[in-house]
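A closer look at the structure
Residue strings, one per chain:
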Amino acid sequence: MAFDFTDRPDTHRLELMRKAYPDVDTQSVLTFLNFRACFRAVAADYQRVLERFGLSESRFLILMFLYHNQPQALGITTLATKLGATKATTSKLVGGMVKSGLVEKTSTAADKRATLIQMTHAGAELLDRFLPVNYQAVNHLFRHLTHDEQVQLNHLLDKLLPDAQ
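Structural notes, computed from the coordinates. (Residues numbered from 1 in each chain as written. Predicted model: local features only at pLDDT ≥ 70, side-chain atom pairs only at ≥ 80, totals over all residues. Heavy atoms only, no water.)

Here we have three strands laid out as an open sheet, ordered 1-3-2, and antiparallel in their pairing. Strands at the two margins of the open sheet, each flanked by one partner only, are strand 1 (74–75) and strand 2 (103–107). As defined by bridge partners, strand 2 adjoins strand 3 (residues 115–119) across five bridges and the pair is classed as antiparallel. Across the sheet, the residue bridging to serine 107 is threonine 115, located in strand 3. This element, helix 3 (residues 57–68), spans strand 1, strand 2 and strand 3 of the sheet and lies at about 95 degrees to strand 3. Across the face of the sheet, helix 5 (residues 87–99) comes into contact with strand 2 and strand 3 while running at roughly 110 degrees to strand 2. (Pairing = 2+ DSSP bridges. Helix = DSSP H or I, 4+ residues; strand = E, 2+ residues; numbered from the N terminus. Contact = heavy atoms within 4.5 Å. Axes fitted to C-alpha atoms, helices over the stretch in contact; angles between N-to-C directions.)

Here it is as C-alpha cells:
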C-alpha cells in the first residue's frame, strides 16, 4: 500500500507499527499528525493572504518591527535578531524591500557607516491596507473556538514550545 501526505495513519495502522516499534505512542503520533496537518493548512491559507499584498511573513514582520519602533529606524543586526534570521538573510530581505519602495536605508549622524532601516510612506500605506485584512483572516481562522477555548489552546501550545520545560 502506498502512502502520501494526505494518507494519514489511523489507530489501527499505528498499532500495527507498534508491533515492530514498541515505543510508538499511538495518541502522540495521531496528535502530531493532526497538529502538522493543521499547521500546513493554516500556513498555506495565511501565505495566500500575504501574497495578495506582495508580502512574505518576513517582510510583514520587518514592517511591523519598524512600525512599532517609529520614528526611530532600526539596524540590520537588530532586525535580524528580532526576525530570528542571519544578518545576510535580513540584508537580502531588506534589499528587496528597498527596491520595492517599502523601506529606505539611512545613516546616523554619529556614524555615517552605520546603516539604519526606516519604513517609507509606501510601506506604511501597505501596512495600513494589509492589517485590517490580516486581522480579519485571524478572526476567521479561530471563528469556531470560543474565547475560553482559544485561551486553552494558547496554554497547550505554550507547553509545546522548546523552552516551556
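Core analysis: the biggest nonpolar cluster contains 25 residues, and Leu55, Phe60, Leu63, Leu66, Leu79 and Val103 have the highest contact counts within it. Of all the elements in the fold, those that place two or more residues in this core are helix 2 (26–51), helix 3, helix 4 (76–83), helix 5, strand 3 and helix 6 (121–141). Ranked by residue count, the leading element in this core is helix 3, at six residues. Here leucine 55 is in contact with Gln47, Leu50, Phe60, Leu63, Leu126 and Phe130, once residues within four sequence places are set aside. (Core = buried A, V, L, I, M, F, W, Y, C linked by side-chain atoms within 4.5 Å. Buried < 20%, exposed > 50% of the residue type's maximum accessible area, 1.4 Å probe, protein only.)

Right, let's talk about the environment of alanine 114 for a bit. Note that alanine 114 resides in the loop between strand 2 and strand 3. Those residues in contact with alanine 114, other than ones at most four positions away along the chain, are Thr106, Ser107 and Thr108.

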